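Below, each chain spelled out in residue letters.
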Amino acid sequence: MESPKHEDKRKPVLEARRITKKFSGIVALFQVDLRLYPNEILALLGDNGAGKSTLIKCLSGAHSPSEGEIFVRGERIIISNPKKAKSLGVETIYQDMALFDILNVPSNLFAGKPLIRSWGFLDDKSMKRESVRILNRLDIRVRSLNQVVRNLSGGQRHAVSIGRAVYVGNTPQIVLMDEPTAGLGVEESNKLLQTILDLKEEGISVILISHNLDHVFAVADRAVVLRGGKLVGEKDIKKTNRTEIVQMMLGVV
Amino acid sequence: MIPQVSQRKADTKRFVASLIAQRWFALTLVILVFCMFLGLRYPAFATLANFRAVSISLATNGIVGVGMCLLLVSREIDLSVGSNLALGGAISGLLLANGMSVPVSIIGGIFTSAFIGFVNGLVVDRLHVNCLIATLGMMGVARGITVLIVGGGILIINKYFSWLGQGTFLSLQFPVWVMIMITILAGILLKKHHFFRQTYYKGANEEAAILAGINVSFLRIFMYAFTGLLCGIAGVLATARFGVATSTAGFGMELEVISAVVIGGSSLQGGEGNILGAFLGVVLMTLITDALVIARVSVYWHRIIIGTVLIAAVAFDSWMSRYRAMA
């Protein structure tokens with residue numbers, strides 16, 4: 001199965017072809033093509049309601065596309081649920097982070113991926129130890145491991161969701177992030193952007209949704225713009241500028 | 001003061017505060033105080049005969065309470081437990097009366113209740129009916145079927161079957177032993193097994209649990225079916241104990257069990273609670289009912305008092321949360 005003709009001769013690690021998604025009559029996405037290459041940070045841009053989150057959810061297993069195909073590492077796969085996506089090496093960090101507010105940090109880090117001993121019994125001691133290691137790696141300080149996640153700051157919560165996606169279980173190949181810097185202060189944003197660059201360094205490809213073009217231009221390699229559920233532009237970050245991107249987002253040409 | 005001494009004082013204060021904040025500690029304290037008070041005021045309380053009298057109620061509430069705890073933690077509820085208990089007992093009585101062997105009758109009764117629980121799970125999960133409504137409806141359906149089967153009552157004449165309800169081992173009746181074993185097993189599983197821990201994730205944030213890869217559907221149906229199974233066990237034990245399958249068995253049990261489990265620390269919002277707390281809650285509720293009987297309080301007042309206790313306990317718990325902040 002050949003990839004469609006494209007300037008880029010690399011093989012995509014994730015490809016979506018003609019993805020269409022309908023919700024009882026409303027067309028959220030229409031025949032969207034997207035390619036993600038190894039070791040790159042791809043920005044997924046668009047105004048509110050353009051379909052960015054919907055597209056991410058189709059790739060993460062949270063939604064099933066109404067039409068279209070998804071290829072992971074060249075192979076056609078149907079991503080039927082979030083568990084399937086994770087097994088393929090696709091991890092997602094959602095806009096609201098999907099954390100468990102009334103549970104503590106280790107429980108959040110190991111949600112869905114517990115460390116198990118024989119007969120399915122949990123290895124709480126190892127999970128506590130690993131949690132400390134992960135928190136240190138992400139440079140987060142918490143008062144106590146038993147602290148509930150609800151009381152953490154926005155940046156700390158984001159770090160926990162990144163910790164769960166990237167540092168627990170098998171290292172993913174692809175990480176999808178929906179508005180990771182939304183609501184974060186300057187220092188926390190910079191920390192998070194650096195973490196995203198670190199992911200690229202570790203060989204992970206990232207799709208990043210963001211409204212903040214400064215952040216996008218700071219870390220992304222390529223950008224893809226959606227408008228009204230359709231793909232309207234695809235650019236190398238180095239070969240474009242903010243004005244052009246905004247024009248594509250708003251449909252002003 | 002010397003710095004070490006004042007530090008020790010602060011540590012002790014924090015330790016005591018955190019201990020009081022622990023639900024099981026507070027409940028055990030209340031239970032002990034209550035027992036002492038009752039024993040002194042009513043000599044009839046501290047007798048083996050009295051314990052025997054409450055033991056079947058303690059056992060059935062305790063067994064069903066385990067299931068209710070699991071459901072509440074996962075942010076579900078089951079109002080049909082009393083009716084399901086009655087149905088399980090009725091089926092076992094029916095099979096026995098029709099010449100089936102004791103093992104077959106037991107399994108038949110338990111399986112029927114488990115199946116009812118399974119249907120509850122399907123209705124809530126696949127038909128997307130609100131769990132309160134679904135189990136409320138099943139409460140009526142199961143009770144109706146029970147009445148159809150049982151009529152005036154089915155007498156149990158089989159001595160082996162009766163032993164299940166009345167036989168004693170080390171001066172505790174068999175149903176109490178069953179309750180103890182189920183409680184210990186469930187307590188270990190909920191605390192230490194990855195499948196049962198998923199109930200906390202589902203209860204805390206169901207959507208996030210799905211996104212984390214947890215099979216919430218399977219978990220939900222399993223917990224309803226498991227609760228049904230426990231109702232069946234309780235129903236068979238109750239029928240064996242009383243020697244008759246009645247249409248009114250377990251009537252009104254839902255209120256008592258839910259109150260007990262909530263007092264024991266499970267929140268209706270989900271994500272909180274444990275088996276030990278639920279068990280202590282059941283013990284407390286059983287004690288209260290027993291106290292009301294011994295003190296010859298009119299039966300009509302029982303429901304009023306039980307309901308008040310529930311409200312008072314939850315209100316007290318909110319007040320207690322200041323201790324949790326200190327810990």
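In this text the structure is predicted, and so the values were computed from the model without any measurement. (Residues numbered from 1 in each chain as written. Chains lettered and ligands numbered in written order. Predicted model: local features only at pLDDT ≥ 70, side-chain atom pairs only at ≥ 80, totals over all residues.)

**Description of the overall build of chain A**
No. 1: The number of helices and strands found in chain A is eight helices and 10 strands.
No. 2: Computed over C-alpha atoms, the radius of gyration of chain A comes to 18 Å, within 12% of the 18 Å expected from 2.2 N^0.38 for 253 residues, which places it in the range of a compact globule.
No. 3: Each principal axis of the C-alpha atoms in chain A carries an extent, and together these give about 55 × 40 × 40 Å.
No. 4: Going through the 253 residues of chain A one by one, you find that 43% of them count as buried.
No. 5: Relative to all contacts within chain A whose residues are 6 or more apart in sequence, the contacts with residues 24 or more apart total 67%. (Helix = DSSP H or I, 4+ residues; strand = E, 2+ residues; numbered from the N terminus. Rg over C-alpha atoms; globule rule 2.2 N^0.38 Å. Buried ≥ 20, exposed ≤ 12 C-beta atoms within 10 Å, placed from the backbone. Contact = placed C-beta atoms within 7 Å.)

**Points about the overall build of chain B**
No. 1: In terms of helices and strands, chain B carries 14 helices and four strands.
No. 2: Here the C-alpha radius of gyration of chain B, 21 Å, is about what a compact globule of 327 residues would show, namely 20 Å.
No. 3: A principal-axis box enclosing the C-alpha atoms of chain B has dimensions of 80 × 55 × 35 Å.
No. 4: The burial tally for chain B puts 46% of its 327 residues in the buried class.

**Examining helix α9 (residues 194-204) of chain B**
Residues and elements named next belong to chain B.
No. 1: Among the 11 residues in α9, nine count as buried, and that is most of the element.
No. 2: Here α9 has its buried residues at Phe 196, Arg 197, Gln 198, Thr 199, Tyr 200, Tyr 201, Lys 202, Gly 203 and Ala 204.
No. 3: Buried residues in α9 make contact with α3 (48-73), α8 (174-192), α10 (206-211) and α11 (216-242).

**Examining unusual backbone geometry**
No. 1: Although it is not a glycine, Arg 18 of chain A sits at a positive phi angle of roughly 50°.
No. 2: Along the chain, the position of Arg 18 of chain A falls in strand β1 (residues 14-23).

**Section: the packing of helix α4 (residues 81-97) of chain B against α11 of chain B**
All names here are of chain B.
No. 1: Where α4 contacts α11, the two axes come as close as 7 Å, and the packing angle between them is 55°. Taken together, the axes of α4 and α11 are oblique relative to one another. Crossing of α4 against α11: the hand is right-handed. Contacts between α4 and α11 involve Val 81, Asn 84, Leu 85, Ala 86, Leu 87, Gly 88, Gly 89, Ser 92 and Gly 93 from the first element and Thr 227, Gly 228, Cys 231, Gly 232, Ala 234, Gly 235, Val 236, Ala 238 and Thr 239 from the second.
No. 2: Looking at side-chain class alone, the contact of α4 with α11 contains eight nonpolar, 10 polar and no charged residues. (Axes fitted to C-alpha atoms, helices over the stretch in contact; angles between N-to-C directions. Parallel < 35°, antiparallel > 145°, perpendicular 65-115°, else oblique. Left-handed = near helix turned anticlockwise from the far one by under 90°. Nonpolar A, V, L, I, M, F, W, Y, C, P; charged D, E, K, R; others polar.)

**Some thoughts on the environment of Ser 66 of chain A**
Residues and elements named next belong to chain A.
No. 1: Examined against the element boundaries, Ser 66 turns out to sit in the loop between α1 (52-60) and β4 (67-72).
No. 2: Spatially, the C-alpha atoms of Ser 66 and Thr 20 are 5.6 Å apart, while their sequence positions differ by 46 residues.
No. 3: Filtering out sequence-adjacent residues up to four positions away, Ser 66 remains in contact with Thr 20, Lys 21 and Lys 22.

**A look at the sheet that holds strand β8 (residues 205-209) of chain A**
Whenever strands of a sheet pair, they do so through backbone hydrogen bonds, lying parallel or antiparallel.
Residues and elements named next belong to chain A.
No. 1: Sheet architecture is open: six strands sit in the order β6-β7-β8-β3-β9-β10, paired in mixed fashion. Each of the sheet's edge strands pairs with one partner strand only, and the pair in question is β6 (90-93) and β10 (230-236). Strand after strand, the sheet turns through a mean of 15° between neighbouring axes, direction not considered.
No. 2: On top of the sheet, helix α8 (residues 242-250) reaches β3 (41-45), β9 (222-227) and β10; it is set at about 25° to β9, its chief contact. (Pairing = 2+ DSSP bridges.)

**Description of the sheet that holds strand β2 (residues 26-36) of chain A**
Residue and element names in this part refer to chain A.
No. 1: Spatially, β2-β1-β4-β5 is the arrangement adopted by the four strands of the open sheet, whose pairing is antiparallel. Both edges of this open sheet fall to β2 and β5 (75-77), since each of them pairs with a single strand only. Sheet twist, expressed as the mean angle between neighbouring strand axes with direction ignored, is 30°.
No. 2: Bridge count for β1 against β4 is five bridges, and the pairing is antiparallel. Its bridge partner lying in β4, Ala 16 is registered against Ile 70.
No. 3: The sheet strands contacting α1 are β1, β2 and β4, and the helix crosses β1 at an angle near 115°.

**A closer look at the interface of chain A and chain B**
No. 1: With 18 residues of chain A at the contact, the number on the chain B side is 18 residues.
No. 2: Residue composition of the side of chain A that touches chain B, by class: 13 nonpolar, two polar and three charged.

**Things to note about the packing of α3 of chain B against helix α13 (residues 275-294) of chain B**
All names here are of chain B.
No. 1: Where α3 contacts α13, the axes come no closer than 9 Å and their chain directions differ by 145°. The interaxial crossing formed by α3 with α13 has right-handed handedness. In this structure, α3 contributes Val 54, Ser 57, Leu 58, Asn 61, Gly 62, Gly 65, Val 66 and Cys 69 to the contact, and α13 contributes Ile 275, Ala 278, Phe 279, Val 282, Met 285, Thr 286 and Asp 290.

**Observations regarding the pairing of strand β7 (residues 174-178) of chain A**
All names here are of chain A.
No. 1: Among the five residues in β7, five count as buried, and that is most of the element.
No. 2: Every second residue of β7 is oriented toward a common face, with Ile 174, Leu 176 and Asp 178 on one face and Val 175 and Met 177 on the other, all of them buried.
No. 3: Two elements, β6 and β7, share four bridges in a ladder whose sense is parallel. Bridging from a neighbouring strand, Glu 91 pairs with Val 175 of β7.
No. 4: When β7 meets β8, the two strands line up parallel, connected through five bridges. When the bridges of β8 are listed, Met 177 appears paired with Leu 208.
No. 5: Note on the crossover from β7 through helix α6 (residues 186-201) to β8: the handedness is right-handed. (Right-handed = clockwise from strand over helix to strand, strands pointing away.)

**A few points about the nonpolar core**
No. 1: In terms of nonpolar packing, the biggest core is built from 161 residues, with Leu 42, Val 206 and Leu 208 of chain A together with Val 64 of chain B touching the most fellow members.
No. 2: Residue contributions to this core peak at 16 residues, all from α11 of chain B.
No. 3: Those residues in contact with Val 206 of chain A that lie beyond four places of it in its chain are Ile 41, Leu 42, Val 175, Met 177, Ile 196, Leu 199 and Lys 200 of chain A. (Core = buried A, V, L, I, M, F, W, Y, C linked by C-beta atoms within 7 Å.)

**Some points on the confidence of the model for chain A**
No. 1: Of all residues in chain A, 96% have pLDDT values of 70 or greater, and the mean over the chain is 90.
No. 2: Counted against residues more than four places away or in other chains, residues 1-6 of chain A, with its pLDDT under 50, gives one contact. (pLDDT = per-residue confidence, 0-100.)

**Remarks on helix α12 (residues 253-263) of chain B**
All names here are of chain B.
No. 1: Most of α12 sits out of view: 10 of its 11 residues are buried.
No. 2: Of the positions making up α12, those classed as buried are Met 253, Glu 254, Glu 256, Val 257, Ile 258, Ser 259, Ala 260, Val 261, Val 262 and Ile 263.
No. 3: A positive backbone phi angle near 115° is found at Gly 265, which sits one or two residues after α12.

**Details of the pairing of β9 of chain A**
Residue and element names in this part refer to chain A.
No. 1: The pairing of β3 with β9 spans four bridges and is classified as parallel. The residue of β9 that forms the bridge with Ala 43 is Ala 223.
No. 2: Two strands pair when backbone bridges link them, and β9 and β10 are joined in this way by six bridges, in the antiparallel orientation. Bridging from a neighbouring strand, Arg 227 pairs with Lys 230 of β10.

**With respect to the environment of Pro 114 of chain A**
No. 1: Along the chain, Pro 114 of chain A falls in the loop between α3 (105-109) and α4 (124-137).
No. 2: Note: C-alpha distance between Pro 114 of chain A and Leu 36 of chain A (78 residues apart in sequence) is 29 Å.
No. 3: When residues no more than four places from it in sequence are discounted, the contact partners of Pro 114 of chain A are Leu 122 and Met 127 of chain A together with His 194 of chain B.

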